[in-house]
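# A look at the structure
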Amino acid sequence: MPKKKPVVVVTRKLPDVVETRMRELFDTRLNETDRPFSQAELVEAVKTADVLVPTVTDRIDASVLAQSGPDLKMIANFGNGVDNIDVVTANNRGIAVTNTTGVMTEDTADMTMALILAVPRRLMEGIKKIENNEWSGWSPTWMLGHRIWGKRLGIIGMGRIGQAVARRAKAFGMSIHYHNRIREPLDVEEKLEATYWESLDQMLARMDVVSIHCPHTPATYHLLSARRLKLMKPDAYIVNTARGEVVDENALIRQIEAGELAGAGLDVFEHEPAVNPRFAKCEKVVLLPHMGSATIEGRIDMGEKVIINIKAFMDGHRPPDRVLPSML
């Protein structure tokens with residue numbers, strides 16, 4: 001008798017090459033419509049699956065996990081962040097949680113750098129002028145932005161992505177500064193020519209651009225609060241490709257509208273997919289629909305990570321990307 005394949009429920013449409021390989025290895029139930037699961041569908045999935053493969057759009061909280069069946073042993077998240085999953089409850093119920101760490105680093109760093117360039121140089125405003133037929137020709141004083149060469153970049157969260165952004169920004173002539181829970185080793189700082197700030201408040205007050213790369217946890221919710229945003233210089237910019245919940249969006253838009261901040265580049269939002277309509281009306285804000293990691297190569301790499309984690313776990317080994325409550 002052939003060995004019974006584990007039942008794997010996938011909540012969103014994944015790249016064809018990933019879905020095909022999953023079908024070969026597991027008893028895989030696919031979401032061919034790519035419509036996000038409802039709460040009832042998530043509950044049904046955890047009742048029937050051996051492995052659930054959710055994404056950032058799925059809220060796997062304690063109420064969902066409380067209804068999981070006895071066969072659910074693993075949640076293999078298709079994504080780096082696990083703030084959509086109650087990792088503590090899952091761990092207490094003997095359910096392993098994994099993520100796809102590391103494979104989105106360069107793609108997200110590329111998009112971050114694009115926003116660091118786009119906001120001070122007013123790229124979206126320029127595009128709209130062309131689209132609206134509002135350009136009458138070159139002028140020495142029209143659509144002036146700010147150069148980024150020689151400016152100070154403050155990175156909040158100097159992990160893989162933060163360091164990848166630092167490498168890019170350094171090549172553009174920016175001065176690298178960072179705040180982290182734990183200071184990076186001296187060789188990392190020397191390679192990036194990075195200055196460490198133990199005090200986030202002190203760093204914010206001195207930066208020209210602040211880029212956010214920390215995860216969303218209870219400790220980082222509204223880390224950039226109204227009070228902290230007010231510490232920043234009026235000609236400074238915020239870029240966020242991490243999680244929307246890290247920034248108090250209402251406070252951010254108030255300060256931009258009041259001229260107390262120069263602008264922002266946002267790829268993530270506090271209440272996704274809803275976007276504060278005041279952002280859309282502000283020319284000083286560049287908005288992207290959470291596409292920082294959206295490359296074909298990156299999505300395939302994420303899928304391969306999911307498969308490796310599931311295969312390792314089902315073969316009785318520790319999955320390489322297991323997430324424990326102590327790591328959050």
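Heads up: these notes are all about the structure in this document.

Conventions used here
- Residues numbered from 1 in each chain as written.
- Predicted model: local features only at pLDDT ≥ 70, side-chain atom pairs only at ≥ 80, totals over all residues.
- Heavy atoms only, no water.
- Patch = residues over 30% accessible without salt bridge, like charges linked within 9 Å, V, L, I, M, F, W, Y side chains within 5 Å.
- Areas by Shrake-Rupley, 256 points an atom, 1.4 Å probe, with all protein chains shown as cover.
- Salt bridge = Lys/Arg side-chain N within 4 Å of Asp/Glu carboxyl O.
- Helix = DSSP H or I, 4+ residues; strand = E, 2+ residues; numbered from the N terminus.
- Buried < 20%, exposed > 50% of the residue type's maximum accessible area, 1.4 Å probe, protein only.
- Contact = heavy atoms within 4.5 Å.
- Polar contact = N/O pair within 3.5 Å; in protein donor to acceptor, adjacent residues only side chain to side chain.

### Remarks on a nonpolar patch on the surface
The grouping of Ile130, Trp135, Trp138 and Trp142 at the surface amounts to a nonpolar patch, some 550 Å² of accessible area in total. Here Ile130 lies in helix H6 (residues 123-131). Look at Ile130 and you get exposed, because its relative accessible area is 54%.

### Considerations on the environment of Arg228
With respect to the helices, strands and loops of the structure, Arg228 is situated in helix H10 (residues 226-229). Spatially, the C-alpha atom of Arg228 lies 9.9 Å from that of Ala251, the residues being 23 residues apart in sequence. Not counting residues up to four positions away in its chain, the partners in contact with Arg228 are Leu200, Asp201, Leu204 and Leu223. Within polar-contact distance, the side chain of Arg228 engages the side chain of Asp201 at 2.7 Å. Polar side-chain contacts of Arg228 include one of 2.9 Å to the backbone oxygen of Leu223.

### Remarks on the pattern of salt bridges
Evaluation of the coordinates by the stated rule reveals 21 salt bridges. Of the charged contacts, one joins Asp16 and Lys13 as a salt bridge, the two residues approaching to 2.8 Å between their closest N and O atoms. A residue is classified by how much of its surface remains accessible, and Asp16, at 52% relative accessible area, is exposed. As a salt-bridge pair, Asp208 and Lys233 come within 2.7 Å of each other at their nearest N and O atoms. Residue Asp208 is found in the loop between helix H9 (200-204) and strand S9 (209-212), and its partner Lys233 is found in the loop between H10 and strand S10 (237-240); the two are separated by 25 residues along the sequence. The exposure class of Asp208 is buried, given its relative accessible area of 11%. One connected set of salt bridges, linked through shared partners, spans Glu106, Asp110, Arg167 and Arg168.

Read these as spatial facts, not as claims about activity.
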